[in-house]
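What follows is each chain in one-letter form.
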Amino acid sequence: MSRPLQRGVSGGVRFPESGHDLWDSQSKDKPEKEDFDKRGSSDHSPFALRFPLRLLLGNNSDSKYGNGIGENGFASDSFIVSSPRNRLKLMLLSLKFSLVFIVVLAITGSFWWTLSISSSSRDHIYHGYRRLQEKLVSDLLDIGEFSRGPLRLKESEFCPQELENFVPCYNVSENVELEVSDSNEIDRQCGHEPRQNCLVLPPVNYKIPLRWPTGKDVIWVANVKITAQEVLSSGSLTKRMMMLDEEQISFRSASHMFDGVEDYSHQIAEMIGLRNESYLIHAGVRTILDIGCGYGSFGAHLFDGQLLTMCIANYEPSGSQVQLTLERGLPAMIASFTSKQLPFPSLSFDMLHCARCGIDWDQKDGMLLIEADRLLKPGGYFVWTSPLTNARNKENQKRWKFIQDFTLTLCWELLSQQDETVVWKKTSKKGCYGSRKSGSGPSLCGRGIDVETPHYRELQNCIGGMQSARWIPIEKRERWPSRANLNKNELAIYGLQPDELTEDSDSWKTAVQNYWSLLSPLIFSDHPKRPGDEDPSPPYNMLRNVLDMNAHFGGFNSALLQARKSVWVMNVVPINGPNYLPLIQDRGFVGVLHDWCEAFPTYPRTYDLVHAAGFLSLETEQHRCTMVDMFLEIDRILRPEGWVIIRDTVPLIESARALTAQLKWDARVVEIESDSDQRLLICQKPFFKRQAS
């Protein structure tokens with residue numbers, strides 16, 4: 001681990017360049033003071049304001065000091081009229097004159113000041129005032145946010161050992177209390193349990209994962225919550241791909257002795273009509289949703305062919321599927337086909353894959369198949385491997401017949417069936433739905449139901465995606481990697497122009513270069529450079545799992561790939577911001593809608609880098625949860641020695657930096673040359689080891 005980072009140096013205090021500045025200031029003030037003392041008896045002194053009072057009192061006694069000096073030390077006035085009536089008239093006249101003079105002076109000054117301000121300067125003053133007002137409100141909110149934070153997070157407070165693999169929102173006992181219909185369905189329930197305001201420590205024997213690509217095939221047993229017995233009791237295909245020793249789990253899918261995944265992938269390609277799996281990308285396939293992915297070996301094998309496979313699986317207390325897949329450096333998240341739609345927009349994936357995934361597709365009157373259809377792009381493929389397809393008993397044959405008939409009403413074409421594997425192709429023609437027999441199959445969703453924001457939405461019994469302008473068959477889309485740059489017509493769907501996406505891409509290219517140059521001296525701080533040497537570049541594979549908390553167009557993802565960084569990015573679109581997740585999916589990336597006031601559906605210690613640009617500004621406007629809550633969640637999902645990069649306004653960055661001390665992160669603030677109103681906060685999570693009991 002590199003040495004702790006230096007804390008950011010606070011600015012704003014400027015000292016004189018030499019002692020002469022202070023001396024000159026004192027010397028300049030001294031003659032002015034002496035001159036003021038000499039003029040103390042003149043009527044130009046502030047004490048001359050007592051003149052009306054003297055008129056009223058009328059003290060005309062002779063001075064006993066002579067020389068015209070009065071008893072109280074003031075010069076006597078020889079012109080004061082002794083008559084009280086005259087004195088009163090003179091006083092009233094003076095007051096009237098003073099009042100008129102003040103009014104005329106005020107009106108004249110206001111008139112000339114108004115004339116001197118042009119329309120542009122008036123706008124400048126108004127906007128300057130508005131900006132100052134907004135800045136004041138922002139600072140007050142930030143101060144309030146920060147003041148609440150430390151009260152909720154005690155320094156040095158670590159979670160107990162039983163929470164080292166804890167995933168919030170998946171409390172089984174609470175699901176039972178909520179009367180979940182099926183005990184096998186562990187649905188996501190947030191807001192029903194108190195937040196764990198503590199820092200999650202890794203297991204006792206935790207080790208930093210091996211770098212990619214070695215880490216894809218070899219992981220440390222202590223890093224995941226899985227036992228040797230669970231590995232050995234898994235399916236035959238899994239056992240052929242895994243070898244277990246005392247400290248490591250080795251995945252040998254690339255070996256000739258363990259070629260199950262390669263043969264299986266080759267079989268799927270042939271069933272589609274391709275020579276082998278390397279041709280899938282030429283058939284328009286780029287993104288794959290792997291349902292119940294096991295240990296991610298299917299996606300690991302296809303990754304070499306530039307195919308991006310997102311693994312989803314139910315929450316498991318053992319953490320076996322999703323946790324182990326992420327530990328291998330492969331995309332995965334907790335999600336399930338239960339009663340809710342998955343948090344992806346319609347028409348998101350080119351292929352859905354389910355190999356013994358445990359989903360009963362014939363249940364719930366086919367609503368699970370309707371959800372699968374919603375997620376598939378036109379012309380996409382659904383691959384299912386299950387013993388049900390070769391059923392022998394009548395009950396299973398009846399179930400298999402229901403699925404075959406139902407897929408026909410969804411306008412899926414059965415391409416091929418080999419052994420237990422079946423491949424369907426979703427129609428590319430909308431006219432198919434109109435040609436169905438009247439009353440057969442689910443209806444088409446209306447515009448009010450067919451939306452692109454499926455967050456906690458119930459499963460629908462109508463066909464979605466038909467109302468979307470994104471209904472473009474995969475064979476008519478650009479092949480990867482050209483797909484990442486959407487054409488003019490595709491961008492018009494989102495109300496964007498090509499130059500907007502180009503400008504966004506260029507800015508993120510520069511940002512990624514700057515990130516890497518900033519991380520270089522931090523990563524290699526244990527190896528100080530020699531005079532004249534340049535900072536060494538960090539390895540391209542120093543990071544693997546990256547999470548972007550506010551992905552926008554997916555520009556950060558695109559820039560990392562263009563820079564040939566060996567990463568995959570989970571692009572998260574907050575639910576309270578603009579929804580560009582459909583655009584991200586159409587570009588060939590993966591992402592999800594999420595409410596950051598809730599825990600992210602993943603196990604602890606699953607990401608190497610968490611990135612957030614403009615995220616704090618977006619979330620603090622709503623004030624639905626505190627900054628402490630969000631930072632505790634970042635700490636939970638970040639691996640030990642992982643990195644956090646936050647870009648935001650200066651006040652929010654300063655508040656965030658104060659919180660990093662509570663989290664024990666090493667942090668520093670970096671100025672951005674192109675933007676004086678924003679700063680970068682770069683942090684590294686330390687590696688705290690739990691002591692063996």
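The structure reproduced in this document is the subject of the present report. (Residues numbered from 1 in each chain as written. Predicted model: local features only at pLDDT ≥ 70, side-chain atom pairs only at ≥ 80, totals over all residues. Heavy atoms only, no water.)

1. Things to note about a nonpolar patch on the surface
This is how the line gets drawn: For patch detection, residues must exceed 30% relative accessible area and be free of salt bridges, and they are connected within 9 Å for like charges or within 5 Å for nonpolar side chains (Val, Leu, Ile, Met, Phe, Trp, Tyr). Computed with the Shrake-Rupley method and a 1.4 Å probe, the accessible areas treat only the protein chains shown as cover for residues. Salt bridge, as applied in this entry: a Lys or Arg side-chain nitrogen positioned within 4 Å of an Asp or Glu carboxyl oxygen. Where helices and strands are cited, they refer to DSSP runs of H or I of at least four residues and of E of at least two residues respectively, numbered from the N terminus. Exposure is judged per residue with a 1.4 Å probe applied to protein chains only, and the accessible area is read against the type maximum: over 50% gives exposed, under 20% gives buried, and values in between give partly exposed.
Taken together, the side chains of Phe97, Phe101, Ile102 and Leu105 define a hydrophobic patch exposed on the protein surface, amounting to about 480 Å² of accessible area. Relative to the helices and strands, Phe97 resides in helix 3 (residues 84-116). Judged by relative accessible area, which is 60%, Phe97 ranks as exposed.

2. Thoughts on the sheet that holds strand 15 (residues 638-649)
Threshold: Two strands qualify as a pair provided that DSSP identifies no fewer than 2 bridges between them. Axis definition: a line fit to C-alpha positions, over the contact stretch in the case of helices; interaxial angles, taken between N-to-C directions, run 0 to 180 degrees. Two residues form a contact once any of their heavy atoms are found within 4.5 Å.
Overall, mixed pairing links the 7 strands, which are arranged 13-12-11-14-15-17-16 in an open sheet. Each of the sheet's edge strands pairs with one partner strand only, and the pair in question is strand 13 (590-594) and strand 16 (666-672). Across the sheet, the mean angle separating the axes of adjacent strands is 20° when strand polarity is ignored. Across 5 bridges, the pairing between strand 12 (residues 568-574) and strand 13 is parallel. From the neighbouring strand, Pro574 faces strand 13, where its bridge partner is His594. Each of strand 15, strand 16 and strand 17 (675-684) touches helix 21 (residues 650-663); the most contacted strand, strand 17, lies at about 15° to it.

3. Focus: the sheet that holds strand 10 (residues 421-426)
Taken together, 7 strands build an open sheet; the order of strands is 6-5-4-7-8-10-9 and the sheet is mixed. This sheet does not close on itself; its edge strands, each paired only once, are strand 6 (332-334) and strand 9 (412-418). The mean inter-strand angle of the sheet, taken between neighbouring strand axes irrespective of direction, is 20°. Relative to strand 7 (residues 349-355), strand 4 (residues 287-291) runs parallel, the two sharing 3 bridges. In the strand pairing of strand 7, Asp290 is matched with His353. Contacting strand 8 (376-385), strand 9 and strand 10, helix 13 (residues 394-409) crosses the sheet at an angle of about 20° to strand 10.

4. Topic: the state of the cysteines
This is how it is decided: Here, two cysteine sulfur atoms that lie within 2.5 Å of each other are counted as a disulfide.
One pass over the full model with this rule turns up 7 disulfides. With its sulfur 2.1 Å from that of its partner, Cys411 forms a disulfide with Cys432. Taking the sign of the S-S torsion, about -100° here, the bridge from Cys411 to Cys432 comes out left-handed. Of this pair, Cys411 sits in the loop between helix 13 and strand 9 while Cys432 sits in helix 14 (residues 431-434), and the two are 21 residues apart along the sequence. Residue classification places Cys411 among the buried residues on the basis of a relative accessible area of 6%. For Cys445, the disulfide goes to Cys462, at an S-S distance of 2.0 Å. Every disulfide takes its handedness from the sign of the S-S torsion; for Cys445 and Cys462 that torsion is 95°, giving right-handed. Separated by 17 residues along the polypeptide, Cys445 in the loop between helix 14 and helix 15 (488-492) and Cys462 in the loop between helix 14 and helix 15 bring together distant segments of the chain. Given the relative accessible area of 6%, Cys462 is considered buried.

5. A look at the nonpolar core
Defined as follows: Definition of nonpolar core: a set of buried residues of the types Ala, Val, Leu, Ile, Met, Phe, Trp, Tyr and Cys, connected through side-chain atoms within 4.5 Å. In this document the domain limits rely on a domain assignment from an automatic tool or a database.
In terms of nonpolar packing, the biggest core is built from 89 residues, with Leu289, Ile291, Ile312, Trp361, Leu547 and Met570 touching the most fellow members. No other element matches the 7 residues that helix 20 (residues 627-637) contributes to this core. The residues that make up this core include at least three from each of domain 1 (257-478) and domain 2 (488-524 + 541-685). Beyond its immediate sequence surroundings of up to four residues, Met570 is in contact with Met310, Ala332, Met333, Val546, Leu547, Asp548, Val590, Gly591, Val592, Phe600 and Tyr607. Of all hydrophobic cores here, the second largest spans 24 residues; its members include Val423, Trp480, Leu581 and Ile584.

6. Description of helix 9 (residues 260-272)
What counts, and what does not: By this rule the span expected of a helix is its residue count minus one, scaled by 1.5 Å.
Here helix 9 is 13 residues long and its end C-alpha atoms lie 19 Å apart, about the 18 Å a rise of 1.5 Å per residue gives. Among the residues of helix 9, those classed as buried are Gly260, Val261, Tyr264, Ser265, Gln267, Ile268, Ala269, Met271 and Ile272. One or two positions beyond helix 9, positive phi appears at Gly273, with a value near 105°.

7. Points about the pairing of strand 7
How we decide: Clockwise travel from the first strand over the helix to the second, with the strands pointing away from the viewer, marks a crossover as right-handed.
With 6 of 7 residues buried, strand 7 is to be regarded as a mostly interior element. Remark: the strand 7/helix 12 (residues 367-375)/strand 8 crossover connection has right-handed handedness.

8. A look at the pattern of salt bridges
According to the stated counting rule, one finds 24 salt bridges in the structure shown. With a shortest N-O distance of 3.1 Å, Asp350 and Arg483 are connected by a salt bridge. Here Arg483 lies in the loop between helix 14 and helix 15 and Asp350 lies in strand 7, a separation of 133 residues in the sequence. Asp350 gets classed as buried once you look at its relative accessible area, which sits at 0%. The class of Arg483 is buried, set by a relative accessible area of 3%. Close ionic contact of Arg399 with Asp360 constitutes a salt bridge, the shortest N to O distance being 3.3 Å. Residue Arg399 is found in helix 13, and its partner Asp360 is found in the loop between strand 7 and helix 12; the two are separated by 39 residues along the sequence. Each member of the salt-bridge network shares a partner with another, and the members are Lys377, Glu452, Arg470, Arg477, Glu490 and Asp586.

9. Concerning unusual backbone geometry
Trans peptide bonds make up the majority, and among non-glycine residues the majority have a negative phi. With omega at 5°, the peptide bond leading from Trp212 into Pro213 counts as cis. Considering the arrangement of structural elements, one finds Pro213 in the loop between helix 5 (172-177) and helix 6 (214-217). A cis amide bond links Trp480 to the next residue, Pro481, at an omega of 10°. Note that Pro481 resides in the loop between helix 14 and helix 15. Although it is not a glycine, Lys364 sits at a positive phi angle of roughly 55°. Position of Lys364 relative to the elements: it lies in the loop between strand 7 and helix 12. Here Lys364 falls in the partly exposed class, since its relative accessible area comes to 33%.

10. Some thoughts on the side chain of Thr409
With respect to the helices and strands, Thr409 occurs in helix 13. Setting aside residues no more than four positions away along its own chain, Thr409 makes contact with Arg436, Ser440, Gly441, Pro442 and Ile463.

In short, shape yes, function no, at least from these values alone.
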